[in-house]
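If you want the building blocks of each chain, they are given just below.
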Amino acid sequence: MFELLQQSLFSGLLVGSVYALVALGIALTFGAMKIINLAHGELVLLAAYMAYVIESRTGWNPYAAIPLAFAVTALVSIAIYLLIERIREHRELNSLILTFAIGVILTNAILLVFASDVRSTNSPLLQDAVSLGSVYAMNSELLAFVVSLLVMAGLWWWLRNSWYGRAVRAVSSNRDASMLMGIDPRRVELAAFIVAGILASVAGVALYTMSVVQPALGPALTVKAFVVTVLAGVGSIPGVFCAALLLGVTEAMTVTLASSALQELVGMVLFLLVLFFMPNGLFGARARRG
Amino acid sequence: MMRNLPAAALLVAALAIPLVFGGNGYIMGLMVSGLIVAGVALAWALLGNLGGMVSFGHAAFFGVGAYTSAILSAKAGLPVPLSLLAGALGAALCSLVMLPALRLSGPYFALAILAYAHIFKILATELSSITGGSAGFQRFPTLPTIAGIDFSSRTGSYALLVVMVALCALVYRAVKRSHVGTALRAMAESEDATRVVGVNATLLKSWMLLLSAFITGLFGAMNAHIINFLEPDYAFSGNWSVLPIIAAIFGGYRTILGPVAGAVLIYLFDQIIAKELLPVGHQILLGLLLAGMILVAPNGLFGLFQTRRKGAPHAAA
Amino acid sequence: MLRLEDVTVRFGGLVALKEVSFAMGEGEILGLVGPNGAGKTTLFNTISGLVRPRTGRILFKDREIGKLPLHARARLGLGRTFQIPQPMHHLTVRENLTVAQVFGAGASDPARIDEILEVMELAEHADRDAATELALQELKRLEVAKALATNPALLLLDEVLAGLESHAKRRFIAKLRELHQRYALAIVIVEHDIETISSLCSRAVVLNFGELIADGTPEEVFRNPAVVESYTGTADA
């Protein structure tokens, strides 16, 4: 029993790192534009299908699909941004409906092109299990964890040191003041959407290598990312990372101790508990009250 | 008289359809389903227009209403008219669980409801001893025959739904014109000013959520007894969230009748035209339509006509 | 009627109100004075419920209201105006008052609405859209009218007289006296003009940097060296 728990703890941590990438994409665009991109889950899914395309057509490692996946998600992300830009009235709610509609479009586009079959990697290399002491992991899970950490470190560096990254942080914390400082918020918003596209592309490819994908997965991914941001309480990268790991571990524990069908439910319950008792999230101080 | 013109036109259309297509089971079946969507769209728009809340999770209320009524009529032997009511109440009860989400501001509320909808779908699948799980639930009564009218026939169901949609529209109108409706109208853009004169904003919004869930549950329940088969993937399908949103936006969610007319048109479009063009993934057309409406005419087709009228868009009936 | 005990309000690291205590009786008209940024509006926000105090108690009609939500305080009889008028959008003037009356006073009484419209000289504007079709002075009168419609026992007036020329100001002061009499109101009024405070109020309290630095008759207060310094001090800064 103890080994099982240990194993699920470990697997949960590995999966959680990918959840963190998805959640950070949503958090980034929300920070810059105060708009939640409901199509973000579909963006991740789109990247996963690009990995499928590369693997099934060329037989290369799915990770070779990252450039293609990035090109696709970045283009779609930019398109989403440009469309949101065109909304004039009731921007907050209308953008929500618009991105929801884009999500429906993307889901059905994927369905049209790739059919409703479940897809996953068939690379023996990625599916091989390695043992680390008393726990096991697939190569793909370890790789996804390492890549996610690298990408998050890159994001952290970008937000801290590059002009655009600092501008994103400035716009996120105080839009008006940053405009006075000469920052054009539109360029910053666009940058945030492109970077969210990068995060989605890596997350999607990683997801494809370690799990199965199907066209209907998009909304579930968005909801998961949302649960993570609520747990984290909109804030720092470490906060989102910890919340994502928590969600991953809780899900894995549930699968081990109860049933895999309840996996989705436990995330929701966690989400409800936080909503009821800690409306500012586990790691955040900023209120989201209306 | 001019103000009642859309209502009169819709009523005439509602009466003409069974006279023209009464013998055509296919068309009448589509109309019945279209009216189900119309009821949900009306409820969705009520929440959006009066409560200022966008919901992506009305499928939860729809599914709960359907299962509650089906189970109570089959296992507890409740007469169908009562079980329909119980279904509506069950959905309203479910919305109580969502009340904490009202503390969240706009986009977060929308996502919270989306998350809730997932929970209910999972519950319906997992509680298979009660719901039959993913194998589905059947063998529950159809709509009854009352006063010589067989409501389980296509035309009977159609008549029932027309009356129920009309009743709900009247309730919506009464709420909108009441003091509660006036206060909610003010709340949309001046929340502090409205609360400071004694309006309990959260309470009023809660009532709107309850009412919206009640109506959605009612239509979910009626649909269950018309279709006579339930499975979680159907009763809690994202379609019951997506179609009403598109219908309401298309018809104009600030109006009462816009979502109703929009629902029937959208449903017919989806079933007759979109499905013909694209048997798989036909909802891509609905997605495109929704995105297009938000960008070009966020107040809907009916809204387009009404913006010329004097007064705020909220005031349009 | 109203009693504040050691009320402290912080915004992040900033102390907006520091251990403010005072009490006022029924029917009293209290002047609230102090330089800009002294915390007068914050004090109103705290009493009416827009801002939660970090510590301290607020008692209204011998009841602790510090944790009650905004709307509940309004129903208890606490009416307020905003310095920048906040009409309810998409509503006519009459609808503004009706909502205030139905939800604030808990009863619908069209005759009283008419009376308030008459008293506040808004009768001819009754059917206009409040947010878009009123001039600034009409909006200010609407602020008072809305508060009155909730049937308050205590009225918090935030600079309702600012920007009025002297004739209009005298008329408004007379109006306030009339309201005070007619509806047996207690009033707290924020006002910069010493003359107005002296003629209208029996008592004044002075805030400076969030602290209550003087409490007494207007005469006493305005002769208080600390008060004089607070004004000249900020004038120099």
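Residues numbered from 1 in each chain as written. Chains lettered and ligands numbered in written order. Predicted model: local features only at pLDDT ≥ 70, side-chain atom pairs only at ≥ 80, totals over all residues.

**Describing the overall build of chain B**
Now for step 1: On a plain count of helices and strands, chain B comes out with 15 helices and two strands.
Now for step 2: For 317 residues, the compact-globule estimate of 2.2 N^0.38 gives 20 Å, and the C-alpha radius of gyration of chain B, at 19 Å, lies within 12% of that figure.
Now for step 3: For the C-alpha atoms alone, the extent of chain B along its principal axes is close to 55 × 45 × 40 Å.
Now for step 4: Taking all 317 residues of chain B together, 56% fall into the buried category.
Now for step 5: Within chain B, residue pairs in contact and separated by at least 24 positions form 75% of the contacts whose partners lie at least 6 positions apart. (Helix = DSSP H or I, 4+ residues; strand = E, 2+ residues; numbered from the N terminus. Rg over C-alpha atoms; globule rule 2.2 N^0.38 Å. Buried ≥ 20, exposed ≤ 12 C-beta atoms within 10 Å, placed from the backbone. Contact = placed C-beta atoms within 7 Å.)

**Observations concerning the overall build of chain A**
Now for step 1: A tally of regular secondary structure across chain A gives 12 helices and two strands.
Now for step 2: Along chain A, helices and strands appear, N-terminal first, in the series α-α-α-α-α-β-β-α-α-α-α-α-α-α.
Now for step 3: For chain A, the C-alpha radius of gyration of 19 Å lies close to 19 Å, the compact-globule estimate for 290 residues.
Now for step 4: The long-range share in chain A, meaning contacts at least 24 apart out of those at least 6 apart in sequence, stands at 75%.

**Points about the sheet that holds strand β4 (residues 55-60) of chain C**
All names here are of chain C.
Now for step 1: With respect to topology, four strands assemble into an open sheet ordered β2-β1-β4-β5, the strand pairing being antiparallel. The outermost strands of the open sheet, each flanked by one partner alone, are β2 (14-24) and β5 (63-64).
Now for step 2: One ladder, built from seven bridges, connects strand β1 (residues 2-11) with β2; its direction is antiparallel. Following the sheet pairing, Leu2 is matched in β2 by Met24.
Now for step 3: Along the sheet face, helix α1 (residues 40-48) touches β1, β2 and β4 and points at about 65° away from the line of β2. (Pairing = 2+ DSSP bridges. Axes fitted to C-alpha atoms, helices over the stretch in contact; angles between N-to-C directions.)

**Thoughts on helix α13 (residues 257-277) of chain B**
Residues and elements named next belong to chain B.
Now for step 1: If you check α13, its first and last C-alpha atoms are 29 Å apart, about what 21 residues at 1.5 Å a residue would give, namely 30 Å.
Now for step 2: The sharpest bend along α13 comes to roughly 35°, located at Asp270.
Now for step 3: Every buried residue belonging to α13 is among Leu257, Gly258, Pro259, Val260, Ala261, Gly262, Ala263, Val264, Ile266, Tyr267 and Asp270, and all of these are buried. (Expected span 1.5 Å × (residues − 1). Bend = angle between axes of the 7 residues up to and from the residue.)

**Considering the nonpolar core**
Now for step 1: Grouped together as the largest cluster of nonpolar side chains are 286 residues, with contacts concentrated most on Val228(A) and Leu42(B).
Now for step 2: Discounting residues that sit within four places of it in the chain, Val228(A) has contacts with Tyr19(A), Ala20(A), Ala23(A), Val240(A), Ala243(A), Ala244(A) and Leu247(A). (Core = buried A, V, L, I, M, F, W, Y, C linked by C-beta atoms within 7 Å.)

**Looking at α1(C)**
All names here are of chain C.
Now for step 1: The element α1 is largely enclosed, with a buried count of nine among its nine residues.
Now for step 2: Here α1 has its buried residues at Lys40, Thr41, Thr42, Leu43, Phe44, Asn45, Thr46, Ile47 and Ser48.
Now for step 3: Once α1 ends, the next one or two residues include Gly49, with phi positive near 110°.

**Observations concerning the interface of chain C and chain B**
Now for step 1: Across the boundary between the two partners, chain C contributes 22 residues, which contact 19 residues of chain B.
Now for step 2: Elements that contribute at least two residues to the side of chain C that touches chain B include exactly α2 (70-76) and α3 (93-105) of chain C.
Now for step 3: Ranked by residues supplied to the side of chain C that touches chain B, first place goes to α3(C) with seven residues.
Now for step 4: In terms of residue class, the side of chain C that touches chain B is built from 10 nonpolar, eight polar and four charged. (Nonpolar A, V, L, I, M, F, W, Y, C, P; charged D, E, K, R; others polar.)

**A short note on the interface of chain B and chain A**
Now for step 1: Contacts between the two partners involve 37 residues from chain B and, on the opposite side, 37 residues from chain A.
Now for step 2: Mapped by element, the contributors of at least two residues to the side of chain B that touches chain A are α5 (106-126), α12 (239-251) and α14 (283-296) of chain B.
Now for step 3: Of all the elements, α5(B) adds the most residues to the side of chain B that touches chain A, at 13 residues.
Now for step 4: Class assignment of the residues belonging to the side of chain B that touches chain A gives a composition of 27 nonpolar, eight polar and two charged.

**Examining the environment of Gly51(B)**
Now for step 1: Counting through the fold element by element, Gly51(B) comes out in the loop between α2 (25-49) and α3 (58-75).
Now for step 2: Residues Gly51(B) and Arg185(B), spaced 134 residues apart in sequence, show a C-alpha to C-alpha distance of 8.4 Å.

**A few points about the packing of α2(B) against α12(B)**
Residue and element names in this part refer to chain B.
Now for step 1: Contact pair α2 / α12: the axes reach a minimum separation of 8 Å and the direction vectors enclose 70°. One finds that α2 runs roughly perpendicular with respect to α12. Only Trp240, Leu243, Pro244, Ile245, Ala247 and Ala248 of α12 make contact with α2, whose side of the interface consists of Val37, Val40, Ala41, Trp44, Ala45 and Gly48.
Now for step 2: Grouping the constituent residues of the contact of α2 with α12 by class yields 11 nonpolar, one polar and no charged. (Parallel < 35°, antiparallel > 145°, perpendicular 65-115°, else oblique.)

**Considering the packing of helix α2 (residues 40-58) of chain A against helix α4 (residues 91-114) of chain A**
Residue and element names in this part refer to chain A.
Now for step 1: Remark: α2 packs on α4, axes separated minimally by 9 Å, with the N-to-C direction vectors making an angle of 20°. By the angle between their directions, the pair α2 and α4 is classed as roughly parallel. Between α2 and α4 the crossing geometry is left-handed. Along its contact with α2, which presents Glu42, Leu45, Leu46 and Tyr49, the element α4 presents Gly103, Leu106, Thr107, Ile110 and Phe114.
Now for step 2: In terms of residue class, the contact of α2 with α4 is made up of six nonpolar, two polar and one charged. (Left-handed = near helix turned anticlockwise from the far one by under 90°.)

**Considerations on the confidence of the model for chain A**
Now for step 1: Taken over all residues, the pLDDT of chain A has a mean of 82, while the share at 70 or more is 94%.
Now for step 2: Confidence drops under a pLDDT of 50 for residues 285-290 of chain A, and excluding neighbours within four residues, the segment shows 15 contacts in the predicted structure. (pLDDT = per-residue confidence, 0-100.)

**A look at the sheet that holds strand β9 (residues 203-208) of chain C**
Residue and element names in this part refer to chain C.
Now for step 1: Read from one edge to the other, the open sheet built from six strands follows the order β6-β7-β8-β3-β9-β10, with strand pairing classed as mixed. Since the sheet does not close on itself, it has two edges, and those belong to β6 (78-80) and β10 (211-216), each with one partner. The average angle at which neighbouring strand axes cross in this sheet is 20°, direction not considered.
Now for step 2: Across three bridges, the pairing between β6 and strand β7 (residues 154-158) is parallel.

**Quick look at unusual backbone geometry**
Residues and elements named next belong to chain C.
Now for step 1: Positive phi values are uncommon outside glycine, yet Lys61 reaches one of about 50°.
Now for step 2: By the element assignment, Lys61 lies in the loop between β4 and β5.
Now for step 3: The backbone of His90 sits at a positive phi, close to 65°, despite the residue not being glycine.
Now for step 4: Looking at where His90 falls in the secondary structure, it is placed in the loop between β6 and α3.

**Some words on the pairing of strand β2 (residues 135-138) of chain A**
Now for step 1: Pairing geometry for strand β1 (residues 129-132) of chain A and β2(A), over four bridges, is antiparallel. Paired with Leu132(A) across the strands is Val135(A), a residue of β2(A).

**Some points on the confidence of the model for chain B**
All names here are of chain B.
Now for step 1: When pLDDT is averaged along chain B, the result is 86; 93% of the residues meet or exceed 70.
Now for step 2: Mean pLDDT in chain B bottoms out at helix α15 (residues 300-306), which sits at 65, and peaks at helix α10 (residues 201-227), which reaches 95.
Now for step 3: In this model, residues 307-317 is a region of pLDDT below 50 whose contacts with residues beyond four sequence positions or in other chains number 17 contacts.

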